[in-house]
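Summary of the model geometry
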Amino acid sequence: MRQRTGWLSIRLLVLGIAVVIALPTAGWAHGVVGKRWFPSTLAVEDPFVSDELSTVVEHIRDPHALETEIEMELTKRLTPNLAIGIGGTRSIIRPRGGHGEEGEEHGHEEDTGTSHGWQNPEFMLRYQFIRNPMRELAATAAINVSPGGIGNRSVGRLSGTTVSPAIQIGKGFGDLPDWADWIKPVAVTTSLGFDLRTNRNDREEDAQHAFGWGVTVMYSVPYLQSFVKDVGLPWPFNRVFPIVEFNGETLISGPEKGSHTAFANPGLIWAGKYMQLGVEAKIPLNDTSGKSVGILGMVHFFLDDIAPDIFTWTPFHGVLGPQTLPR
Amino acid sequence: MAYWDRKHYHDNRSLARWSSFPALVMGLLLTTSLAWGHAFPDHSDPRVGWTVDKSPAQVRIWFDGAIEPAFSTIKVVNADGQQVNKQDGRVNAADPTLLEVDLPPLSPGKYRVFWSVVAIDTHRTEGDYPFTVAGAR
Ligand SMILES: [Cu+2]
């Protein structure tokens, strides 16, 4: 019951933020630097602040269970360069084998043994400190705080609080010379950060600090067709970004210090005007990371574009100016 | 991810309760009548990166949304960086997604179109693209 009460207060907080967001106006551009538009990526944090609602679903099979995680994140800018956010992850864990329950699997496997629950919530503060149009360069510093002990024990939420400082950098290659025309649509992003965990009693492994990294390499078909060469791809193919994301984590303290996980996530992102979709395979790159290939899916809404009069609101009137131009 | 209790804990009710939040957000989005955004180029004439046989009378760029005439610009420069377009760059009166400019007869060579548009929600997008006028042979 204590956990439920915790979630009730989180939900009230979300509702409060939603109410604050649902007030008047002013705006900038998300993910745009010069000619370059960077999509939001699935496994690696992107180098922008924005007004966005993102849902990423991850499904993997490990030796003990089928795990599905539904991660929702709402971010809201307070100024063109500063944003706050809140995130929640729903875990659904269905044990497979190893429990002496195999015999019953055909009968009622839907219910038996499946755990649903929330991980600890996450609160984010993000500041974009570089936006260089000529170099198609962007960088954001972020700090996430995930208070411990709020989520559900059934899905293994951490009892300690995690504080995660991180930095994200994005670079497009549109500034290459003309002989490299076909490489201009390429962009890379990276995210580097730490998960610093407070040790609150019970399990030692909860307090392991970690270094997390991510690198993405993507090819922008919209960039190719708009700025380099119109190769004649029709909708919806003209809005596709083939991408490979690499991400990993190295434990830097605790009993498993030095162990690292790493994944390659090849896939496609499709970006429309108001939303983007993404799907990637999640391929473990070493034994610690698992044995089977998982899948990642994303649905992402550009709130400022969908409802500019609502989601481009800022408490700092006069800094951003009026949202809608006089007509 | 790897840490989870073997205890089988059913928590479907809170799932049902939480799921009303995305429903609320979705409802909010769907009932919002104003749907604006950045304007990105959809296609253009001459086509991006193509070679045309004879000098085009105009450069036209179609965007995926309406653009603001007062804040949208277009210019065409030759290989030496000199502006060659006529001074009549405009948003088409009948089609608010079309940015166009007239050209005098162009000699063979490489040209580059520079454009900058502001969507009606103030989101600015800009870019440039090359095209070539084929030599007379
Ligand atoms: Cu936008």
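Predicted model only: the values in this text are computed from it and were never measured. Sequence positions are assigned chain by chain, starting from 1 and proceeding in written order. All chains are assigned letters beginning with A, and all ligands numbers beginning with 1, in the order in which they are written. Local features in this predicted model are restricted to residues of pLDDT 70 or higher, and side-chain atom pairs are both shown and tallied only at a pLDDT of 80 or more, whereas totals for entire chains, interfaces and linings draw on every residue. Hydrogens and water are ignored here; the side-chain numbers use all heavy atoms of the structure.

1. Overview of the pairing of strand 13 (residues 260-271) of chain A
Residues and elements named next belong to chain A. When strand 12 (residues 240-251) meets strand 13, the two strands line up antiparallel, connected through eleven bridges. Residue pairing across strands places Asn247 opposite Phe263, the latter belonging to strand 13. Turn length for the strand 13-strand 14 (residues 275-284) hairpin, with the two strands adjacent in sequence and antiparallel, is three residues. We call two strands paired when DSSP finds no fewer than two bridges between them. Numbering of helices and strands starts at the N terminus; helices are DSSP runs of H or I of at least 4 residues and strands are runs of E of at least 2.

2. A closer look at the pattern of salt bridges
By convention in these notes, a salt bridge is any Lys or Arg side-chain nitrogen within 4 Å of a carboxyl oxygen on Asp or Glu. Counted under the stated rule, the structure contains 19 salt bridges over all chains. Residues Asp175 of chain A and Lys171 of chain A are paired through a salt bridge, measuring 3.1 Å at the closest nitrogen-oxygen approach. On the accessibility criterion, Asp175 of chain A (28% relative accessible area) is partly exposed. A salt bridge links Asp102 of chain B to Arg90 of chain B, with the shortest nitrogen-to-oxygen separation between them at 3.6 Å. Of this pair, Asp102 of chain B sits in strand 6 (residues 98-102) while Arg90 of chain B sits in strand 5 (residues 90-91), placing them twelve residues apart in sequence. Taken together, the shared-partner salt bridges connect Lys35, Asp178, Asp181 and Lys184 of chain A together with Arg112 and Asp128 of chain B into one network. Each residue's exposure class comes from its accessible area (1.4 Å probe, protein chains only) as a fraction of the maximum for that residue type: buried when under 20%, exposed when over 50%, partly exposed otherwise.

3. Comments concerning helix 3 (residues 221-228) of chain A
Counting buried residues along helix 3 of chain A, seven of its eight residues qualify, which places the element largely inside the surrounding structure. Among all positions in helix 3 of chain A, only Val221, Tyr223, Leu224, Gln225, Ser226, Phe227 and Val228 of chain A are buried. Contact between two residues is taken to exist if any of their heavy atoms lie within 4.5 Å; hydrogens are not considered. Tucked inside the fold, the buried residues of helix 3 of chain A contact strand 2 (36-37), strand 11 (210-219) and strand 12 of chain A together with strand 1 (41-45), strand 7 (109-118) and strand 8 (124-133) of chain B. The opening residue of helix 3 of chain A, the one whose side-chain oxygen lies 3.0 Å from the backbone nitrogen of Tyr223 of chain A, is Ser220 of chain A. Polar contact criterion, stated in full: a pair of N or O atoms within 3.5 Å, where within protein one must be able to donate a hydrogen and the other to accept it, and residues adjacent in sequence count only if both atoms are side-chain atoms.

4. Describing the confidence of the model for chain B
Residues and elements named next belong to chain B. With 71% of its residues at a pLDDT of 70 or more, chain B has an overall mean of 79. When pLDDT is averaged over each helix and strand of chain B, the minimum, 44, is found for helix 1 (residues 12-18) and the maximum, 97, for strand 6. What pLDDT reports is the predictor's confidence in each residue, on a scale of 0 through 100. Scored below 50 in pLDDT, residues 1-18 makes 60 contacts in the model with residues more than four places away or belonging to other chains. Considering only residues more than four positions removed or in separate chains, one finds that residues 28-36, a stretch of pLDDT under 50, has 24 contacts. Among the prediction metrics, the complex's ipTM stands at 0.75, with pTM recorded as 0.80.

5. Structural notes on the sheet that holds strand 1 of chain B
Spatial strand order, 1-3-6-5 (chain B): four strands in an open sheet with antiparallel pairing. A strand with exactly one partner marks an edge of an open sheet, and here the two such strands are strand 1 and strand 5 of chain B.

6. So, the environment of Pro185 of chain A
All names here are of chain A. Along the chain, Pro185 falls in the loop between strand 9 (162-172) and strand 10 (186-197). A relative accessible area of 0% means that Pro185 is categorised as buried. Beyond its immediate chain neighbours, meaning those up to four positions away, Pro185 contacts Arg36, Met218, Tyr219, Ser220, Tyr223, Leu224 and Val228.

7. Comments concerning the sheet that holds strand 7 of chain B
The strand order across the open sheet formed by four strands is 2-8-7-4 (chain B), and the pairing between neighbours is mixed. Both outer strands of the open sheet, strand 2 (51-52) and strand 4 (73-78) of chain B, are each paired with one neighbouring strand and no more. Note that strand 2 of chain B and strand 8 of chain B share two bridges and pair parallel. Counted as the bridge partner of Thr51 of chain B is Thr132 of chain B from strand 8 of chain B. Seen against the sheet, helix 3 of chain A touches strand 7 and strand 8 of chain B and runs at an angle of roughly 55° to strand 8 of chain B. The angle between two axes is taken between their N-to-C directions and runs from 0 to 180 degrees, where each axis is a line fitted to C-alpha atoms and a helix contributes only its stretch in contact.

8. Remarks on the packing of aromatic side chains
Any Phe, Tyr or Trp ring, taking Trp's six-membered ring, that has another such ring centre within 6.5 Å forms a pair; planes under 30 degrees apart are called stacked, those over 60 apart edge-to-face, and the others tilted. Throughout the structure, instances matching the rule amount to nine aromatic pairs over all chains. For the pair Phe38 of chain A and Phe48 of chain A, a centre-to-centre distance of 5.4 Å together with 45° between the ring planes defines the contact as tilted. Of the two residues, Phe38 of chain A is situated in the loop between strand 2 and strand 3 (52-61) and Phe48 of chain A in the loop between strand 2 and strand 3; the sequence distance between them amounts to ten residues. For the pair shown, Phe38 of chain A and Phe48 of chain A are each scored as buried. A ring pair is formed by Phe227 of chain A and Trp115 of chain B, whose centres lie 6.2 Å apart and whose planes are at 20°; its orientation type is stacked. Highlighted residues: Phe227 of chain A in helix 3 and Trp115 of chain B in strand 7, drawn from two different chains. Look at Trp115 of chain B and you get buried, because its relative accessible area is 3%. Joined through ring pairs, the aromatic side chains of Tyr223 and Phe227 of chain A together with Phe63 and Trp115 of chain B make up one cluster. Here the basic side chain of Arg36 of chain A rests over the ring of Tyr223 of chain A, its NZ or CZ set 4.0 Å away from the ring centre. Placement of a positive charge over a ring is assigned whenever Lys NZ or Arg CZ falls within 6 Å of the ring centre and within 35 degrees of the normal to the ring plane. If you follow Lys229 of chain A out to its NZ or CZ, it ends over the ring of Trp50 of chain B, 5.3 Å from the centre.

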